[in-house]
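Fold and geometry: a report
Take a look at the letters that make up each chain.
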Amino acid sequence: MDPSPDQKLDMYRLMLLARRLDERAWVLHRQGKIAFHISGIGHEAAQVGAAFAIRRGSDWVTPYYRDLALMLALGMTPAEFLMGLMGKRDEPNSGGRQMPSHWSLRRANAVSHSAPVATQSVHAAGIGLAIKLRGDDKVVLTTIGEGSTSQGEWYEAVNWAAVHRLPVIFIVQNNQYAISVRAEKQMAVQSAADKACGLGLPGIMVDGTDVFAVHRAVKDAVDNARAGNGATVIETRMYRITPHSSDDDDRTYRSREEVEENKRRDPLLLARARLQEEGLLSESQYDEMDTQIKASIEEAVKQAEAAPYPAGEEALHPVYAEEVRHA
Ligand SMILES: Cc1ncc(C[n+]2csc(CCOP(=O)(O)OP(=O)(O)O)c2C)c(N)n1
Ligand SMILES: [Mg+2]
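Values in this document were obtained by computation on a predicted structure and should not be read as measured data. (Residues numbered from 1 in each chain as written. Chains lettered and ligands numbered in written order. Predicted model: local features only at pLDDT ≥ 70, side-chain atom pairs only at ≥ 80, totals over all residues. Heavy atoms only, no water.)

Side note on the coordination of the magnesium ion (ligand 2)
Basically, it comes down to this: Donors, by definition, are the N, O and S atoms found within 2.8 Å of a metal, the threshold being 3.2 Å for Na, K and Ca, and water is not counted, so a site can look incomplete. Square planar and octahedral sites, with four and six donors, are those where opposite donors lie more than 155 degrees apart and all other angles lie between 65 and 115, tetrahedral sites have four donors with every angle between 85 and 135 degrees, and the rest are irregular. The helix and strand labels rest on DSSP assignments: H or I over at least four residues marks a helix, E over at least two residues marks a strand, and numbering proceeds from the N terminus. Partly exposed describes any residue whose relative accessible area lies between the buried limit of under 20% and the exposed limit of over 50%, with all areas from a 1.4 Å probe on protein chains only and scaled to the type maximum.
Donor atoms from the polypeptide that coordinate the magnesium ion (ligand 2) comprise Glu146 (OE), Glu146 (OE), Asn175 (OD1) and Tyr177 (O), at 2.1 to 2.7 Å from the metal. Because the angles between the six donor atoms bound to the magnesium ion (ligand 2) fall within 51 to 178°, the donor set is best described as irregular. Motif for the magnesium ion (ligand 2), donor spacing along one chain: E-x28-N-x1-Y. Separated by 29 residues along the polypeptide, Glu146 in the loop between β2 (140-145) and α6 (152-163) and Asn175 in the loop between β3 (168-174) and β4 (177-178) bring together distant segments of the chain. You can call Asn175 buried: its relative accessible area is 2%.

Right, here's the structure in full:
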């Protein structure tokens, strides 16, 4: 079923919130207030489209670091995200232990991922098997970048999900780069969706800049998984508009012209144009929404800055079941 007008507006509001929050994070970095930011600018449509296709809070999610919009759609608050950037005690991902954007949100069934890319795919396959064995009416949504589908873990996870017909949706966010390495240097096939076919799963390619197209594709895959028909791989194609992270200078490997050209397919512009066309979002309604979002972010920044850091000794917990003492 297509999203209702209210849902469409909600999807757009989340995309805009993710964008404004992401932009604010870059400013905090340049102000020297945070050490690191990894950006999801350009990925908002794919993530929000996918989030709206699952039962949020009930289905399981194993995300990857670019998933700010997905996490907001799952209910992470701006203050929680910002506290994560600042390594504050009460941030939900890891209590300030992990790198920023290594997501976890217990109340949303979003499971913490490790720094080695593609490990979250294996977690998703494992959770998928548990769902099947327990007979739960749930699915797992997992995300990854296209470069990381070169990892053994991704093939193992997709193969396992195919063999056991597990309810897993493998989303590949193909933003055309793995840091400085272009997608065609990572894979000889056109799309990560092609890899799925070789492993016995349907592989779907969808325009990752079109939030409603992604929503439809993921919803079909979710319905199939819930009906017991197994997993699907969905490649959502977009462009990574920012450098890989705040530690990367993308001028060393791609031209400004290329980046500017790709900004024409900015998912925010496309979604806003669609909503305008459908008479759901006038110019003044957009301005109001944007102003309100920016104000709420400034409030959240204040809240996050005022929040306490963890005590130093907390860093050792809960890594080991028992405290390890060195002589
Ligand atoms: C196993 C492993 N190898 C290398 C890295 C370093 N690394 C972090 S992100 C990244 C690029 C991943 O690119 P892609 O999967 O396309 O995702 P994107 O960042 O483009 O969203 C690399 C190589 C890592 N974290 N883990
Ligand atoms: Mg990539």
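Notes on the site of ligand 1
This is how the line gets drawn: Neighbouring residues are identified by heavy atoms, a residue being near a molecule or strand if any of them is within 4 Å of it. Side-chain atoms alone can form a polar contact between residues adjacent in sequence; in general such a contact is a pair of N or O atoms within 3.5 Å, and within protein one must be able to donate a hydrogen while the other accepts it. Only the protein chains shown count as cover for residues, and all accessible areas are computed by the Shrake-Rupley method using a 1.4 Å probe. Residues are grouped as follows: nonpolar covers Ala, Val, Leu, Ile, Met, Phe, Trp, Tyr, Cys and Pro; charged covers Asp, Glu, Lys and Arg; every other residue, Gly included, is treated as polar.
Lining the immediate surroundings of ligand 1 are 16 residues, of which Tyr64, Tyr65, Arg66, Ser148 and Tyr177 lie closest. In the model, a nitrogen atom of ligand 1 is placed 3.0 Å from a nitrogen or oxygen of the Ala115 main chain. For ligand 1, a nitrogen atom lies 3.1 Å from a polar atom in the backbone of Val117. With the chains in place, 72% of the 580 Å² that ligand 1 exposes on its own is no longer accessible. For the shell around ligand 1, the class distribution of residues is eight nonpolar, six polar and two charged.

A word on the packing of helix α1 (residues 5-30) against helix α11 (residues 283-306)
For the record, the criterion: A fitted line through C-alpha atoms represents every axis, and for helices the fit uses only the stretch in contact; the resulting angles, taken between N-to-C directions, go from 0 to 180 degrees. Note on angle classes: values under 35 degrees are labelled roughly parallel, values over 145 roughly antiparallel, values of 65 to 115 roughly perpendicular, and the remainder oblique. For any helix crossing, the convention is left-handed if the near helix is rotated counterclockwise from the far helix by under a right angle, and right-handed if that rotation is clockwise. Residues are treated as being in contact if the distance between any of their heavy atoms lies within 4.5 Å.
Look at α1 against α11: their axes get within 10 Å of each other, and the N-to-C directions meet at 45°. Viewed along their axes, α1 and α11 adopt a mutual orientation that is oblique. Once α1 is placed against α11, the crossing between them reads as right-handed. In contact with Leu9, Tyr12, Arg13, Leu16, Leu17, Arg20, Leu21, Arg24 and Leu28 of α1, α11 contributes Tyr286, Met289, Asp290, Ile293, Lys294, Ile297, Glu298 and Val301. By residue class, the composition of the contact of α1 with α11 is eleven nonpolar, no polar and six charged.

Notes on helix α8 (residues 211-226)
Think of an α-helix as turning once every 3.6 residues; residues three or four places apart then point the same way. The following threshold applies: Residue count minus one, scaled by 1.5 Å, sets the expected span of a helix.
Taking 1.5 Å per residue as the helical rise, α8 with its 16 residues ought to reach 22 Å, and the 22 Å between its terminal C-alpha atoms agrees with that figure. By the burial criterion, the buried members of α8 are Val211, Phe212, Ala213, Val214, His215, Ala217, Val218, Ala221, Val222 and Ala225. With a side-chain oxygen lying 3.0 Å from the backbone nitrogen of Phe212, the N-terminal cap of α8 falls on Asp210. Within two residues after α8, Gly228 carries a phi angle of roughly 90°, on the positive side.

Quick word on the sheet that holds β2
Note the threshold: DSSP-based pairing: two strands are paired if at least 2 bridges between them are found.
The strand order across the open sheet formed by five strands is β1-β2-β3-β7-β6, and the pairing between neighbours is parallel. Strands at the two margins of the open sheet, each flanked by one partner only, are β1 (60-62) and β6 (203-207). Across this sheet, the average inter-strand angle for adjacent strands is 20°, counted without regard to direction. Here β3 runs beside strand β7 (residues 232-237); their pairing, made up of six bridges, is parallel. The residue bridging Val172 from the neighbouring strand is Glu235, located in β7.

Overview of the environment of Gly147
With respect to the helices and strands, the residue Gly147 is situated in the loop between β2 and α6. It is 9.4 Å that separates the C-alpha atoms of Gly147 and Ala192, two residues lying 45 residues apart in sequence. Dropping the residues within four chain positions of it, Gly147 is found in contact with Ala178 and Gln186.

Examining the pattern of salt bridges
Convention followed: The salt bridge definition used is simple: a Lys or Arg side-chain nitrogen within 4 Å of an Asp or Glu carboxyl oxygen.
In the structure shown here, the tally under the stated rule is 30 salt bridges. Between Arg19 and Glu44 there is a salt bridge whose closest N-O contact spans 2.7 Å. Note that Arg19 is positioned in helix α1 and Glu44 in helix α2 (residues 44-51), a separation of 25 residues in sequence. Between Glu261 and Arg264 there is a salt bridge, with the nearest N and O atoms lying 3.7 Å from each other. Glu261 gets classed as partly exposed once you look at its relative accessible area, which sits at 46%. Classification of Arg264 by relative accessible area gives exposed; the value is 61%. One network of salt bridges, with partners in common, ties together Lys8, Asp210, Arg274 and Glu278.

Don't take any of this as a statement about function, it's just geometry.
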